[in-house]
Amino acid sequence: MQIPWRAAPRAALSSPLTLLVSVVTALLLSFVVAAAVMHSAASGSAAIAYQQDQLCAEALHPSLEATGVGALPHAYVAEVVRGITAATPDKPPLIGTYTREKRVDFGGQPTEAKFGYRPGATDHLKVLQGGSKDGLWVPQSIAVTTDLRLGERGMGGRLPPVTAVYADVFDPLPEWWCSERHFIVPNVLDRDELATAVVWMPSAESFAALPPEATTPTDITVRFPADVPRTIDEASALLAAGTQRVAPIEEMFNRKVSPLVLPVENAAQTVTNVRSAVLPLTLISLLIGLAGIATVTVQWAQRRQHELRLLWVRGAGPFALGGRGVLELGLPLVVGGAAGLGTARLLLPVYAPSDVLPPGTVSTAASAVVVVVALGIVVTFATAALRTHRMFQVAVRGNRLRKVLAALPWELATAALAVWAWNRVQHSGLATTTKIGGLPRIDAAALAFPLLVVLTAALLTARLAKWGLAASHRAKFWSKPAAQLALRRLAAARGPVTGVLLVGVLAVGTIAVGTAIAGSQATALDVKSGMFTGSNSYARIAPGTTELPESLRADSTIVGYVEQFDRRALVVDPRTFRDGAYPFEIDPALLTEPLRVGSVPRREVRLPGLPPVNPSAWVPTFPKLGKAGWVVPVDRIEDRDDVGSWYVWSRKPLGELTAALSAAGVKHHDPDEKSKAVQGLPFLTIQWTFGFVTALGAVLAVVAAIALLLAVEVRRRQNALSSAFSGRMGLSPAAMLRSHLFELGSVAAAAVVVGMASSAVSSGVTVPKLDPAPRLTPAPEVPNALPLVAATVAGSVLVVLVAAWIAVRAARSAKIGELIRG
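Residues numbered from 1 in each chain as written. Predicted model: local features only at pLDDT ≥ 70, side-chain atom pairs only at ≥ 80, totals over all residues. Heavy atoms only, no water.

Draft legend 1. Layout of the overall build of the chain. Within the chain, the secondary structure is distributed over 26 helices and 18 strands. Per-residue burial for the chain yields a buried fraction of 51% across its 822 residues. A separation threshold of at least 6 residues defines the contact pool for the chain, and within that pool the share at least 24 residues apart is 81%. Split by element, the accessible area of the chain, about 37,600 Å² in all, is 61% carbon and sulfur. (Helix = DSSP H or I, 4+ residues; strand = E, 2+ residues; numbered from the N terminus. Buried < 20%, exposed > 50% of the residue type's maximum accessible area, 1.4 Å probe, protein only. Contact = heavy atoms within 4.5 Å. Areas by Shrake-Rupley, 256 points an atom, 1.4 Å probe, with all protein chains shown as cover.)

Here it is, written out as structure tokens:
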């Protein structure tokens, strides 16, 4: 007999609920698979973007420098520049040339100065006086000390006239200047060198024609400005093309700058780490989704039992009837697969660390979805064929396999896997790094530990619920009819109830685990960076600076730093230290006396510039010192010049700190900020991995909500009939609503409580182990779960209210006569 092709589409439309469930199941399954592919690829782009934020964008292309002992005699600079330009005709280089400091007369008082030329330099400076580009541009620091006037020509008229005075540049530098920092920002605190800002020449010819008395060995930088790469492929291409471009002229320079080498390697390793971590989760989700498709097919066979029996009597075998199932459910699976792919691409900014995908990623995700849809169709065919075979050919034998599978203690198996995964967490697992910036080795088995705990709890809860509902007929509390009726409805549908409960626990637990671990990594990176640097930003200052500018006094402090071998100490001002240091818990009174920090021995210690100290007070950790060192109040110091170095710590952003110091005339150097002091990619790798876990939990939450609503919808007739008879026997509408709220709320409450409890236990023991930088304090901690609990409870209450409203509305609008006849 031929398969009834023409009747299949019309028959499918007669069961819109089955079609809807098929579409949603395929959509969620395809979304998870496509999202896994896109999330892994996007993590590489996110890694590239993060590392570029730590670098100078102007120097991402491989560049060359002739500096230090490799500097060129000034007489050869023009010839070398022409040679470089001729050797790189495809991409004109941006060449900077700089002399060293030398005594120079600009027409005022003689001073130390250095000359430089870089095409376009004057376009990126702030003009204070003048502005014509046909003469010298002198920094304000030199103009003030020499009483310089515009139009003057130095060195007996052999220098071009001074046509502009510009504001000195200081950190943080604009992107155009960042690659030249070593040459244009003088180290004003260096006691062995009279460093100055650059006096800019109007042209390359005028720079080459500098008088011999003003010239010194000349430093040269060769940069190739390029578009900032957004993906690993673009970064790799830029690195390869740039390396090939500078190869012909590389021998002329003593330093090659190629900052993208490590970022490309780290980004590729990040993709590998994230992919290895999310792949097992994706495969498990795939199996669950295919099981869902099989369940939908079984429901379809039950709804079509009379029609399928008629076709079987007419000669259609199991294979033909399986084909009938594909004809009805195949198109919804394809539609759901396409919708899942589109949803994954549309929601990429929501669940992925970056919205930039490498070329071909969407095609790869589409191919994965095609495979998933094909597997779904195969499962549909096989399930329909086996189901009809069991119904019409071997029905008397029963389904022993299903009974055996249901009786197996799967929770014991998952518990054993959780124990094995915990051993991996402790001894192998997510290996921490021994240096700041190294990437951790991610073990997918170790990452599975908290999820295996949640899965074990879900399976155990489902089994206990099934046993409890099977024995619930013994419970008799008719004094509470609403509760008694709710319990009987739960017992009558204990299969769907335990299924919803299982998925609900998995959803809540997975979301909680993903949120906790991802949040702990984000917090750990911020806190460790702050404790490592001491505050949000800092800059080195001269020992004689004892007072801060007015604009910094509310949130900044001055600290001294002493280091000898492996011993370190801080000199602090008790009045201002807690205002400027990174927030940490300490009794202010302790700062007025010497402190012993962490594991240092309890004995007298002598450090350069500090008095002998043998503190009795002790604290476990301290900013900058971590878990070992000493703290000395500034009033115990006799001579500030004897202390190794002095810094301003501030909670302000770096730009505001340096601007305030410059405006007040406070000389500073070596500024930095906490966002760039610690390599955060190891933390972000773990965060992105568990970000996908959170997204997976959100998908399971949608599945659980839909399953609860569909369970109510499928049992509409039974609920309506039961509620109608209960109403005839005197059950009030309010009691009817309470009964449904109790029925559905008990399932949701159990899922929330068990999911949250299991995730709290697993996250609580896992989070401290996932520390990519264990030598920095403090260790990662589980974040505050109250917002997540509140959101979960609110979402659960909303779903329960909607489901209860559907059930009560169906009961109140039903006609009992038609229900009895139906």
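Moving on from the model shown.
Draft legend 2. Structural detail: the sheet that holds strand β11 (residues 537-541). Strands sit in the order β15-β14-β16-β13-β12-β17-β11-β18 across an open sheet of eight strands; the sheet is mixed. One side of each edge strand has no neighbouring strand; the edge strands of this open sheet are β15 (617-619) and β18 (668-673). Between one strand axis and the next, the sheet turns by 25° as a mean value, whatever way the strands run. On top of the sheet, helix α21 (residues 654-663) reaches β11, β17 (645-650) and β18; it is set at about 165° to β18, its chief contact. (Pairing = 2+ DSSP bridges. Axes fitted to C-alpha atoms, helices over the stretch in contact; angles between N-to-C directions.)

Draft legend 3. Region of the structure containing the pattern of salt bridges. Counted by the stated rule, this structure contains 21 salt bridges. Salt-bridge contacts for E65 lead to R223; the nearest nitrogen and oxygen are separated by 2.7 Å. Remark: R223 occurs in strand β9 (residues 219-223) and E65 occurs in strand β1 (residues 63-66); sequence separation between them is 158 residues. Taken individually, E65 and R223 each receive the classification buried, so the pair is uniform in this respect. With its nearest N and O atoms 3.0 Å apart, the salt bridge here joins R245 to D90. Here D90 lies in the loop between α3 (77-87) and β2 (94-98) and R245 lies in helix α9 (residues 232-246), a separation of 155 residues in the sequence. Under the relative-accessibility criterion, R245 is labelled buried at 18%. (Salt bridge = Lys/Arg side-chain N within 4 Å of Asp/Glu carboxyl O.)

Draft legend 4. Representation of the packing of aromatic side chains. A full pass over the atoms with the stated rule returns 12 aromatic pairs. Arranged with centres 5.1 Å apart and planes meeting at 40°, the rings of W422 and F449 form a pair that is tilted. Of this pair, W422 sits in helix α16 (residues 410-427) while F449 sits in helix α17 (residues 444-470), and the two are 27 residues apart along the sequence. Given the relative accessible area of 8%, F449 is considered buried. Taken together, the aromatic side chains of Y98, W176, W177, F183 and W200 make up a single cluster linked through ring pairs. Positioned above the aromatic ring of F532, the side-chain terminus of K624 is 5.4 Å from the ring centre. (Phe/Tyr/Trp six-rings, centres within 6.5 Å; stacked < 30°, edge-to-face > 60°. Lys NZ or Arg CZ within 6 Å of the ring centre and 35° of its normal.)

Draft legend 5. Structural detail: α3. Considered for burial, the residues of α3 that qualify are V77, V80 and I84. Seen from one end, α3 has its buried residues packed into an arc of 65°, which puts them on one side. In α3, the exposed positions that point more than 90 degrees away from the buried face belong to E79, R82 and A86. Those residues of α3 that are buried lie in contact with β2, α8 (204-208) and β9. (Arc of directions from axis to C-beta.)

Draft legend 6. Inspection of a nonpolar patch on the surface at higher detail. Taken together, the side chains of L331, V334 and V335 define a hydrophobic patch exposed on the protein surface, amounting to about 270 Å² of accessible area. Within the secondary structure, V334 sits in helix α12 (residues 318-346). (Patch = residues over 30% accessible without salt bridge, like charges linked within 9 Å, V, L, I, M, F, W, Y side chains within 5 Å.)

Draft legend 7. View of the nonpolar core. With 60 residues, the main nonpolar core has F31, M38, A344, Y351, I517, F690 and L744 as its most contacted residues. Among the elements that make up this core, the one with the highest residue count is helix α22 (residues 681-714) (10 residues). Once you skip the residues sitting within four places of it in the chain, F690 turns out to touch L447, P450, V513, G514, I517, A518 and L770. With 32 residues, the next largest nonpolar core counts L64, L159, V165 and A214 among its residues. (Core = buried A, V, L, I, M, F, W, Y, C linked by side-chain atoms within 4.5 Å.)

Draft legend 8. Seen up close, the state of the cysteines. This structure, assessed with the given rule, holds one disulfide. Two residues, C56 and C178, share a disulfide whose sulfurs are 1.8 Å apart. On the sign convention where negative means left-handed, the S-S torsion of about 70° between C56 and C178 marks this disulfide as right-handed. Residue C56 is found in the loop between α2 (16-53) and β1, and its partner C178 is found in helix α6 (residues 175-178); the two are separated by 122 residues along the sequence. In this structure C56 comes out as buried when scored by relative accessible area, which is 18%. (Disulfide = S-S within 2.5 Å.)

Draft legend 9. Fine view of the pairing of strand β12 (residues 556-564). In terms of burial, β12 is largely enclosed, as seven of its nine residues are buried. Pairing between β12 and β17: six bridges, direction antiparallel. Bridge pairing in β17 places V559 opposite Y647. The pairing of β12 with strand β13 (residues 567-572) spans five bridges and is antiparallel. Across the sheet, V562 pairs through a bridge with A569, a residue of β13. Counting the residues that bridge the hairpin from β12 to β13 gives two residues, and of these F565 lies at a positive phi of roughly 60°.

Draft legend 10. Geometry of the side chain of Q521. Summarising the element assignment, Q521 is placed in helix α19 (residues 494-533). Overall, Q521 belongs to the buried group, its relative accessible area being 0%. A distance of 2.7 Å separates the side chain of Q521 from the backbone oxygen of L770, its partner in a polar contact. Ignoring any residue separated from it by four or fewer positions in sequence, one finds Q521 in contact with F683, I686, Q687, L770, P772 and P780. (Polar contact = N/O pair within 3.5 Å; in protein donor to acceptor, adjacent residues only side chain to side chain.)

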